[in-house]
Amino acid sequence: MTGFTHRFRRWYGEGPLQPLVLLGSFALAGYAGVRLLEGDWLLIAVWFVGAALVHDLLFVPAYALADRALRAAGGRRSRGEQNREEWSRGEWSREEWSRGGWVNFARVPAFLSGLLLLVWFPLVAGGVERYESVTGLPAGAFLDRWLTVTALLFAGSALCRVLQTRRRARKQRPPAVH
Amino acid sequence: MPPAPRVTSPAEPGFWRSPLRGPWLTSVLGVVLLVGVPVLFVTGLLSYAAYNPDLSPRNDKTPDKGLLGFYLFDWPTDPHWLYRLNQGLHVTLGITLVPVLLAKLWSVIPKLFALPPARSVGHALERVSLLLLVGGALFEFVTGVLNVQLEYLFPGSFYPLHFYGAWVFFGAFAAHVVLRLPQVVRVLREEGWRERLRDPRPEPVDAGGLVAPRPAEPTVSRRGALGMVGAGSALLFVTTAGQNFDGPLRRTALFAPHGGGDPGSGPNGFQINKTAAKVGIERQDTGELWQLIVSGPRGRGDVRLSRSDLLRLPQHGAALPIACVEGWSTSDQLWHGVRLRDLAALAGFDEDPPGVLVESLQRRGAFRRAALRDNQVRDPRSLLALRVNGADLSPDHGYPARIIVPAAPGVLNTKWVSRLTFGEL
C-alpha cells in the first residue's frame, strides 16, 4: 500500500486524498454548472471567470499601486539593511514602528471610505435608476452620506495624528527642574 | 551588503515585498471565512426553502434544480421572525465579510503568479479548483451585493445565478477546506494566535511561498493590518444591520438600501418593497369596483367579495414583520383582516384547508402569482389584511387587500390581491 502511495505521489504530485476530494468537488461544480450556464452561457462564464480576473489583475494592482504611491508620498525612507534586520529580530521600538509618519493616518480612512464605495458603488454613484420608483426612498442621499462619512473619517484620523504628535512632543521635552 | 537586484516579474518570489504575508495571516483570515461562509451557504439554502419551491412552479425560479433541492422541507410559520432573522443574517453577514474575503485573496496573491503554472497533474487540478473557488466567491458576493441594491447588471435572473453559483462555489470551498485545514491547524498551533499577533517579526519563511523572502520595512504591524480589516467589517456592519429595525436603528444603516429612514410617516410609513406605480397598479383597479374572487378547484364555490363585504367578515389581528430576500425587514406591524382559513371555508373547505394560489392585480413582477402551503393557510395569524397599524392599507402597501403570513418571505405576502384559489396551485 505504501509502495502504491509512493508511486502515485511521484506520478501525480499529491497524495491520493487530493484527487478524490477534487473530483467530488468538480462533479458538484459540473452538476450545478450546467444549470448555472443555462441561458446566456458565454456571458455567465465571462462573469464567473471575469470576476476572478478583474479582481486579481485589475483591483489588486490598482490598490497596491495606490498604497505604494501613498507610502512614497509619506516619505518614509528605508534606513537600510541594518534597520530591516533589527525589525526581523523583533528589535524595533515603539518609536520605530510609528516612524511611518502620517501614512497610516491616511491609509486607514482611505481604506474604509474606499471599502464603502466599493460595496455600495451603484447606490453611491446614483446609477440605480429604478431605486426611487421601487422603494419610495430618495436615491440622492447615498452620495451625501458617503461624502460625509469620508470627511469624518479623514478628519478623525487627522485629529488622532495631531494628538499623537503633541503627546510625543511633550514626552521628548526635558522634564522641568525645580 | 550590496542592494538586492530589482525584481520586476510577479512570478519571482522577490517581487512581493509585503512583510505581512505568511501562512499565519492567511490561516487567521481563512478561519474567519471557515465560520462565515457556511453560515452564508446554509442561510441561502434556507431562504430558497422558505419560498416553498416544490409546492408550485409559481414559487420556483430554479425548477431544474434536480438533486440540489434534496433538502427542501415545508417552511414553518413559527417563529414568526424566522425569515427575518435568516435573511437579515445572510445579507448582513455577507456584506460584513467583504473585507475579510478581499484580505484573504490579497494574502495569497503571490501564488496566482507562481511559475510554472502547474508543477504536476495534481497541482494543475488544484489550480482549476482554485479558479472555481475564487471565481465562485467573487461571483456570489458580486451578484448578492448588486441584487440588494436593485442593480440587476448580472447576465440573467438573480435566482438561478445566485443559487447554482452558490453550489459551484461551495463545492470548491469544501474541497479547499478539506485540503487546507490540516495546514491551518498546524500553523495556528505552532505559531499560536496571540503569540504571532503580538510578535512584530516577519513569519518564518514557508515552503508555500507566501512569506516575502525580501520583505520591505513594515509600515503597519500585523495587529494593525488585521485591525484595519476588522474595522472595515465593523463599519460595514453598523451601516447595514439597522435596515432590519424600524425607528432610530434604521437611521444608523447609512448605506443599506432600506436604511436611513422610512419612505413615509404614520401607520403606513414603513418600508415598501415595490410601489404601486412601479408594478402598474392603476387607481381604477383598486377602487369601488374591485372585487376579490375566492374559489376552490375548478371554480367550485366561486365567491365575489367587495372590500366592504370583507370588512363585514370576522376581523382578526396579527403582529408580523415584512422581511425581504434582499436582507431588509420591518419590525412587527399590527395587521387586521380576514383569516385565510375563514376564506377557505367560503370556498368549501370547512376543515383542514389546503394550500392557496394567490393572484395579484400587479402587471409586472416575478411573484404576482404565488402559492402558500396548507400550514401557512391554517395558521390563525395568516391574514388577508385590510388594515395596518389602525389605518386602511395605503396603495403602496397593497390596498385594497394583501396577504400577510408569519415567517414567509416578503414576496409571498402578495399585495393588491385579486383572486384566491384554494386547493389548486
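What this report covers is the structure whose coordinates are included nearby.

1. A closer look at the overall build of chain A
Of regular secondary structure, chain A possesses nine helices and zero strands. Mapped in sequence order, the helices and strands of chain A form the string α-α-α-α-α-α-α-α-α. A globule of 178 residues ought to have a C-alpha radius of gyration of about 16 Å, yet chain A, at 27 Å, is considerably larger. The long-range share in chain A, meaning contacts at least 24 apart out of those at least 6 apart in sequence, stands at 44%. Carbon and sulfur atoms form 65% of the exposed surface of chain A, whose accessible area is close to 11,100 Å². Of note, chain A has its 23 positive side-chain charges centred 10 Å away from the centre of its 14 negative side-chain charges.

2. Some words on the pattern of salt bridges
Residues and elements named next belong to chain B. The full count for this structure, using the stated rule, is 20 salt bridges over all chains. Between Arg 381 and Asp 379 there is a salt bridge, with its nearest N and O atoms 2.8 Å apart. On the accessibility criterion, Asp 379 (8% relative accessible area) is buried. Within this structure, Glu 191, Arg 196, Asp 199 and Arg 201 form a network of salt bridges that share partners.

3. Notes on the interface of chain B and chain A
Across the boundary between the two partners, chain B contributes 90 residues, which contact 73 residues of chain A. Ranking the residues of chain B by area buried against chain A places Glu 217, Thr 219 and Phe 255 of chain B at the top, with a combined share of 12%. For the interface between chain B and chain A, the tally reads zero salt bridges. In this structure, the connection of chain B to chain A is made through 17 residue pairs in polar contact (both at pLDDT 80 or more). Secondary-structure elements contributing two or more residues to the side of chain B that touches chain A are α3 (98-107), α4 (109-113), α5 (121-148), α6 (158-191) and α8 (222-238) of chain B. Considering every element that reaches the side of chain B that touches chain A, the biggest residue donor is α5 of chain B, with 18 residues.

4. A closer look at the packing of helix α6 (residues 103-119) of chain A against α8 of chain B
Viewed as axis vectors pointing N to C, α6 of chain A and α8 of chain B meet at an angle of 45°, and their least axial separation amounts to 10 Å. Here α8 of chain B runs oblique to α6 of chain A, going by the angle between their axes. In the packing of α6 of chain A onto α8 of chain B, the handedness of the crossing is right-handed. Together, Arg 107, Val 108, Phe 111, Leu 112, Leu 115, Leu 116 and Val 119 of chain A of α6 of chain A and Met 228, Val 229, Ala 231, Gly 232, Leu 235 and Leu 236 of chain B of α8 of chain B make up the contact between the two elements. Here the contact of α6 of chain A with α8 of chain B is composed, by residue class, of 11 nonpolar, one polar and one charged.

5. A word on the sheet that holds strand β2 (residues 303-305) of chain B
All names here are of chain B. With respect to topology, five strands assemble into an open sheet ordered β2-β1-β10-β5-β6, the strand pairing being mixed. The open sheet has two free edges, formed respectively by β2 and β6 (369-372), since each of these has just one partner strand. Going from strand to strand, the sheet's axes swing by 20° on average, the running direction of each strand aside. Bridge count for strand β5 (residues 356-360) against β6 is four bridges, and the pairing is antiparallel. Pairing of Val 358 across the sheet is with Ala 370, part of β6.

6. With respect to the environment of Gly 410 of chain B
Residue and element names in this part refer to chain B. Considering the arrangement of structural elements, one finds Gly 410 in the loop between β9 (402-404) and β10 (417-422). The exposure class assigned to Gly 410 is buried, which follows from its relative accessible area of 15%. Put simply, Gly 410 and Pro 38 are 372 residues apart on the chain and 24 Å apart in space, counted from C-alpha to C-alpha. Look past the residues within four positions of Gly 410 in its chain and what remains in contact with it is Ala 323 and Cys 324.

7. A word on the packing of aromatic side chains
Counted under the stated rule, the structure contains 25 aromatic pairs over all chains. Note on Phe 48 of chain A and Phe 139 of chain B: the rings are 5.3 Å apart at their centroids and 40° apart in plane angle, and the pair reads as tilted. Here the residue Phe 48 of chain A occupies a position in helix α3 (residues 41-74), and Phe 139 of chain B occupies one in helix α5, the pair thus bridging two chains. The same class applies to Phe 48 of chain A as to Phe 139 of chain B, namely buried. An aromatic cluster is present here, built from Phe 41, Phe 70, Tyr 71, Trp 167, Phe 169, Phe 170 and Phe 173 of chain B joined pairwise through their rings. Stacked on the ring of Tyr 31 of chain A, the Lys or Arg Arg 35 of chain A has its end atom at 3.8 Å from the ring centre.

Thresholds, definitions, all that
Residues numbered from 1 in each chain as written. Chains lettered and ligands numbered in written order. Predicted model: local features only at pLDDT ≥ 70, side-chain atom pairs only at ≥ 80, totals over all residues. Heavy atoms only, no water. Helix = DSSP H or I, 4+ residues; strand = E, 2+ residues; numbered from the N terminus. Rg over C-alpha atoms; globule rule 2.2 N^0.38 Å. Contact = heavy atoms within 4.5 Å. Areas by Shrake-Rupley, 256 points an atom, 1.4 Å probe, with all protein chains shown as cover. Lys, Arg positive; Asp, Glu negative; His and termini not counted. Charge placed at Lys NZ, Arg CZ, Asp CG, Glu CD. Salt bridge = Lys/Arg side-chain N within 4 Å of Asp/Glu carboxyl O. Buried < 20%, exposed > 50% of the residue type's maximum accessible area, 1.4 Å probe, protein only. Buried area = accessible area lost by both parts, 1.4 Å probe. Polar contact = N/O pair within 3.5 Å; in protein donor to acceptor, adjacent residues only side chain to side chain. Axes fitted to C-alpha atoms, helices over the stretch in contact; angles between N-to-C directions. Parallel < 35°, antiparallel > 145°, perpendicular 65-115°, else oblique. Left-handed = near helix turned anticlockwise from the far one by under 90°. Nonpolar A, V, L, I, M, F, W, Y, C, P; charged D, E, K, R; others polar. Pairing = 2+ DSSP bridges. Phe/Tyr/Trp six-rings, centres within 6.5 Å; stacked < 30°, edge-to-face > 60°. Lys NZ or Arg CZ within 6 Å of the ring centre and 35° of its normal.

Taken by themselves, the reported measurements are silent on function.
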